[in-house]
Amino acid sequence: MSALEKVPATIVTGFLGAGKTTLLRHLMQHADGRRIAIIVNEFGSLGVDGETLKDCGIPGCEAENIVELANGCLCCTVADDFIPTIEALLGRANPPEHILIETSGLALPKPLIKAFNWPAIRSRVTVDGVVTVVDGPAAAEGRFADDPEAVAAQRAADPSLDHDNPLAEVFEDQLASADIVVLNKADLLDEAALAKLRAEIAPHLPRAVKMVPAREGALPPDILLGLKAAAEDDLAARPSHHDAEDGAHEHDDFESFVLVLPEYDSADELLHRLPEIAAQHDILRIKGFVRLKGKPMRLAVQGVGRRFRQHFDRPWKDDRDGHLVVIGQAGMDQEAIAKAILK
C-alpha cells in the first residue's frame, strides 16, 4: 500500500448476538499476514466481545491490535472516541493495512459512515464496505420486525397509538446501510425458511446488495473485504430512519447491567435456568464468562433470546469474578432478573 492510498475500513454491523465477533475471528484466522486492526464497540460498561478476541491465539489478535470502546455507542460518540482512535491507529509506526470495526448491536451504521468525511481522516481512510450480519433464526422468527398486518389493524382500531418499534428501526437501518448481508446461522434454517427470510429482507435493501448464507460467520475474506464501496461518498443510497435528525440517535429504548457471578462447582443448573429467564423477561442478549471451581479455563456463555451456547475459550488471566452482561429493552426488572439468575 502506497503512502497516497487510503486505508480501507470495513464496518461490521448487525443486531445483538448475530455473530459479528465470530465473523471477525474467522477473518483474522485467514488474514494471510495482513496487518489488521480491530475496533470493538459494545453497548454497556463491560466489554465481552473485545475480551473474546484478545489473545485468542490467532496471529493478529494480540491485545495491541484490538481497541475496545465500551459504554458508548460509536454512532453517538464520533468526535470523542472514534476519530481519536482512528488517528492513533494511522499514526503508528506500522499502521494497519485494513481496519475492522465491530459496532455495538444497537448501533446505527450511517452516522459512523458519515464520520469518515471528517477532515482529520477523510484523506487517509475509506469505508471499504458495510457488512451487516443477520441472526438467521432470530430474524426468521420475526424478533426484530413488526407484523405489518397487526400494526395496520391496531392503527385502524386506534390511530392515536404509537407503533414505533425501536428493534425494527435499528434492524432496518443496519440493512439499509449494507454493502453485503450475511445470513448467519443459516445451518439452523431449512431451505424454505432461508428463502422466506431472503424475501422478507429484500424490501429493506435500497440497493442491489448480495445476501450470503454463512455458518459460524465462516466466509472467505475475499467475499467481505476489498469491496471498494467508498460508502462515505454514497450516503444518499443508504437511507436511515434518523436522517431527518441529522444522525441524532438515542439508546433510551434499551438498557444493560452487569451481574457479578459467584464461583460455581458446576454451571449446569445456571445454564438450564438462563433460557427460561430470558423468555420470561424478554431479554435480548446475555453474554459473559463463568468461573468454575478447579477449572483454569473461562466458560464463555452467549445467549440470544432463548438460544444459548457455551464453550471454554481460554484460561483466566487474573482473579476477576465471573460475570454476565444482560441487555434488554428499557424498564426490564433488573432486580428480578438478578435474583432469578443468582438463586
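Looking up the chain in an unreviewed UniProt entry gives the name Cobalamin biosynthesis protein CobW, with the organism given as Teichococcus aestuarii. Database annotation for the chain, UniProt heading Function (unreviewed entry): "Zinc chaperone that directly transfers zinc cofactor to target proteins, thereby activating them. Zinc is transferred from the CXCC motif in the GTPase domain to the zinc binding site in target proteins in a process requiring GTP hydrolysis." What UniProt states about the chain under its Catalytic activity (unreviewed entry) heading is, verbatim, "GTP + H2O = GDP + phosphate + H(+)".

## Examining the environment of Leu 89
Locating Leu 89 in the fold gives a position in helix H3 (residues 78-90). Distance from Leu 89 to Ile 99, taken between C-alpha atoms, is 8.9 Å for residues 10 residues apart in sequence. Contacts of Leu 89, omitting those with residues within four sequence positions, involve Ala 37, Ile 39, Val 67, Pro 95, Pro 96 and Ile 99.

## Observations regarding the environment of Gly 17
By secondary structure assignment, the location of Gly 17 is in the loop between strand S1 (7-14) and helix H1 (20-29). Looking at Gly 17, the relative accessible area reads 11%, which means it is buried. Once the C-alpha coordinates of Gly 17 and Val 134 are considered, the two residues, 117 residues apart in sequence, prove to be 8.9 Å apart.

## A closer look at the side chain of Asp 173
One can find Asp 173 in helix H8 (residues 166-176). Side chain to side chain, Asp 173 and Ser 240 meet in a polar contact 2.5 Å long.

## So, the pattern of salt bridges
Applying the stated criterion across every chain, the model contains 11 salt bridges. With a closest N to O distance of 2.8 Å, Arg 238 and Asp 179 form a salt bridge. A residue pair is termed long-range when its members are at least 10 positions apart, and Arg 238 in the loop between helix H10 (221-224) and strand S8 (254-261) and Asp 179 in the loop between H8 and strand S6 (180-184) qualify at 59 residues. Of the residues examined, Asp 179 reaches a relative accessible area of 17% and is grouped as buried. Measuring nitrogen to oxygen at the nearest pair gives 2.7 Å for the salt bridge that ties Glu 216 to Arg 309. Taken together, the residues Glu 216 in the loop between strand S7 (210-213) and H10 and Arg 309 in strand S11 (residues 307-315) connect sequence positions 93 residues apart. Classification of Glu 216 as partly exposed rests on a relative accessible area of 36%. Through salt bridges with shared partners, a single network forms among Asp 179, Arg 207, Asp 234 and Arg 238.

## A few points about the nonpolar core
Residues Phe 15, Val 134, Leu 175, Val 181, Leu 183, Ile 201 and Leu 205 are the most contacted members of the largest nonpolar core, which totals 27 residues. Sorting the residues of this core by element identifies helix H6 (136-140), H8, S6, helix H9 (191-201) and strand S12 (322-329) as the ones contributing at least two each. By residue number, the principal contributor to this core is H8, which donates four residues. When residues of this core are assigned to domains, at least three fall in each of domain 1 (7-243) and domain 2 (254-342). Excluding its chain neighbours within four sequence positions, the residues that come into contact with Leu 175 are Thr 132, Val 134, Val 181, Ile 201, His 204 and Leu 205.

## What to know about the sheet that holds S11
The antiparallel open sheet is built from five strands, whose spatial order is S8-S12-S9-S10-S11. Because the sheet does not close on itself, it has two edges, and the strands there are S8 and S11. Pairs of neighbouring strands in the sheet enclose a mean axial angle of 15°, with direction left out of account. Bridge analysis of S8 against S12 gives eight bridges, and the strand direction is antiparallel. Each residue of the ladder has a partner; that of Leu 259, found in S12, is Leu 324. Packing against the sheet, helix H11 (residues 268-280) makes contact with S8, strand S9 (285-290), strand S10 (297-304), S11 and S12, and its axis sits at approximately 135° to S11. Against the sheet, helix H12 (residues 334-342) engages S8 and S12, with an angle of about 30° to S8.

## As for the packing of aromatic side chains
Under the criterion given, the structure shown has one aromatic pair. Just above the ring of Phe 289 sits the side chain of Arg 298; from NZ or CZ to the centre is 3.7 Å.

## What to know about the packing of H11 against H12
One can describe the packing of H11 onto H12 by two numbers: an axis separation of 9 Å at closest approach and a directional angle of 155°. Considering their axes alone, H11 and H12 lie roughly antiparallel with respect to each other. Packed against H11, whose contacting residues are Leu 270, Arg 273, Leu 274 and Ile 277, the element H12 presents Ile 337, Ala 340, Ile 341 and Leu 342 at the interface. Residue classes in the contact of H11 with H12 are distributed as seven nonpolar, no polar and one charged.

## Here we look at H11
Spanning 13 residues, H11 covers 19 Å between terminal C-alpha atoms, matching the ideal 18 Å at 1.5 Å per step. For H11, every residue scored as buried is listed here: Leu 270, Leu 271, Arg 273, Leu 274, Pro 275, Ile 277 and Ala 278. Positive phi shows up at Asp 282, right after H11, with a value of about 50°.

Conventions adopted
- Position numbers for residues start from 1 in each chain and track the written sequence from start to end.
- Under the rules for a predicted model, residues below a pLDDT of 70 receive no local features and side-chain atom pairs below 80 are neither given nor counted, while totals for whole chains, interfaces and linings still include all residues.
- Just so you know, side-chain values use all the structure's heavy atoms and leave hydrogens and water out.
- UniProt positions are given in the numbering used here, feature names are shortened, and annotations may be inferred rather than shown by experiment.
- For the purposes of this entry, the term helix denotes a DSSP run of H or I that reaches at least four residues, the term strand denotes a run of E that reaches at least two, and both are numbered from the N terminus.
- In this analysis, two residues are considered to be in contact whenever any of their non-hydrogen atoms come within 4.5 Å of each other.
- Throughout, exposure labels follow a simple rule: accessible area from a 1.4 Å probe, protein chains only, divided by the maximum for the residue type, with under 20% read as buried, over 50% as exposed, and the rest as partly exposed.
- Here a polar contact is taken to be a pair of N or O atoms separated by no more than 3.5 Å, where protein atoms must pair a possible hydrogen donor with a possible acceptor and residues adjacent in sequence count only if both atoms sit in side chains.
- Salt bridges are defined by distance alone: a side-chain nitrogen of Lys or Arg within 4 Å of a carboxyl oxygen of Asp or Glu.
- By nonpolar core is meant a set of buried Ala, Val, Leu, Ile, Met, Phe, Trp, Tyr and Cys residues that side-chain atoms within 4.5 Å join together.
- Start and end points for every domain follow an automatic or database-based domain assignment.
- Pairing between strands is defined by DSSP: at least two bridges between them are needed.
- Angles shown run from 0 to 180 degrees and are taken between the N-to-C directions of axes, each axis being a line fitted to C-alpha atoms and, for helices, limited to the stretch in contact.
- Each pair of aromatic rings taken from Phe, Tyr and Trp, with Trp reduced to its six-membered ring, is defined by centres within 6.5 Å and is described as stacked if the planes are under 30 degrees apart, edge-to-face if over 60, and tilted in the remaining cases.
- Placement of a charge over a ring requires the Lys NZ or Arg CZ to be within 6 Å of the ring centre, with the centre-to-atom vector within 35 degrees of the ring normal.
- Relative orientations are named as follows: roughly parallel for angles under 35 degrees, roughly antiparallel for angles over 145 degrees, roughly perpendicular for angles from 65 to 115 degrees, and oblique for any other angle.
- When residue character is reported, Ala, Val, Leu, Ile, Met, Phe, Trp, Tyr, Cys and Pro are called nonpolar, Asp, Glu, Lys and Arg charged, and the others, Gly included, polar.
- Here the expected span of a helix is defined as 1.5 Å times the quantity of residues minus one.

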